[in-house]
Amino acid sequence: MAPAAAANDERYGYITLESVQIQLHNDTALVDMHYSVDEGTRIIFFLLGKQDLKNKLITILNYDDVQMQFVNLSDAEFVVDQAAYSYGNGVYWFPTHQFNVVIPKLTVASPQVVRNFTNTNLFPDGMGYFETATINQTPEQTSSTQSFSSFAGP
């Protein structure tokens, strides 16, 4: 039986999913997951580590190339490289994606738009977006602006 077909759709084993936020930057996706774990399993994590939790969270995400950045008993952060397709010139496409568990609150954010979904295991239709331009925060001063103060009167 598929995990999404279980009686409690947002649950996978001892994990109950609460929300997933995906922040798109170029072809990379930063994924924040929020969840709870059954109280009885917490002692196992302290004794055996969090590898099983990590594996279950990766199964929920359903991406092939995922790197864990952080995981604890309520939150995790993953990076998915090449989650979006690049069409060149700063144009990207984040395709439709199927998760293995129903997500109560799914947010997918690009530099231009945020899309929110409730109680879904599918990011439908895909989403196009553009890379954001970097703005030079410290413009070089020219000699005329440097010497402006010398023109101030008494």
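Above this text you will find the structure in question.
From a predicted model like this one, the values you see are computed outputs, not experimental measurements.

Parameters and conventions
- Along every chain, residues carry numbers that run from 1 in the direction the sequence is written.
- Since the coordinates come from a predicted model, pLDDT governs what is reported: local features require at least 70, and pairs of side-chain atoms require 80 or more to be given and counted, while whole-chain, interface and lining totals use all residues.
- Side-chain calculation: all heavy atoms of the structure are included, whereas hydrogens and water are not.
- Between any two strands, at least two bridges found by DSSP are needed for them to pair.
- Under the scheme used here, helices are H or I runs from DSSP no shorter than 4 residues and strands are E runs no shorter than 2 residues, and both carry numbers assigned from the N terminus.
- Classification of residues uses two cut-offs on accessible area relative to the type maximum, computed with a 1.4 Å probe and protein chains only: under 20% is buried, over 50% is exposed, and between them is partly exposed.
- Salt bridge, as used here, is a side-chain nitrogen of Lys or Arg placed within 4 Å of a carboxyl oxygen of Asp or Glu.
- In the analysis that follows, any N or O atom pair within 3.5 Å is treated as a polar contact, provided that within protein one partner can donate a hydrogen and the other can accept it, and provided that, for residues neighboring in sequence, both atoms belong to side chains.

Asker: Kindly report on the pairing of strand β4 (residues 66–71), identifying the contributing residues and their values.
Answerer: Judged from the 5 bridges that link them, β4 and strand β5 (residues 75–80) form a sheet pairing that is antiparallel. Bridging across to β5, Met68 finds its partner in Phe78. Turn length for the β4-β5 hairpin, with the two strands adjacent in sequence and antiparallel, is 3 residues.

Asker: So what's going on with unusual backbone geometry? Which residues, and what values?
Answerer: Of note, the phi angle at Asn62 is positive, near 65 degrees, even though the residue is not glycine. Using a relative accessible area of 34% as the deciding quantity, one classes Asn62 as partly exposed. Even without a glycine there, the phi angle at Asn119 is positive, about 45 degrees. The exposure class of Asn119 is exposed, given its relative accessible area of 56%.

Asker: Go over the pattern of salt bridges, please, and point to the residues and values.
Answerer: Within the structure shown, the criterion is met by 3 salt bridges. Across the salt bridge formed by Arg42 and Glu39, the nearest N and O atoms sit 3.5 Å from each other. The class of Arg42 is partly exposed, set by a relative accessible area of 27%. With its nearest N and O atoms 3.5 Å apart, the salt bridge here joins Lys56 to Asp52. On the criterion of helical spacing, the pair formed by Lys56 and Asp52 is a turn pair, its members being 4 residues apart in helix α2 (residues 51–61). The exposure class assigned to Asp52 is partly exposed, which follows from its relative accessible area of 37%.

Asker: Run through the environment of Asn62, naming residues and quoting values.
Answerer: Among the structural elements, Asn62 can be located in the loop between α2 and β4. Distance in space between the C-alpha atoms of Asn62 and Phe99 is 5.5 Å, their sequence separation being 37 residues. Only 2.8 Å separates the side chain of Asn62 from the backbone oxygen of Gln98, close enough to count as a polar contact.

Note that all results are geometric; they support no functional claim without further evidence.
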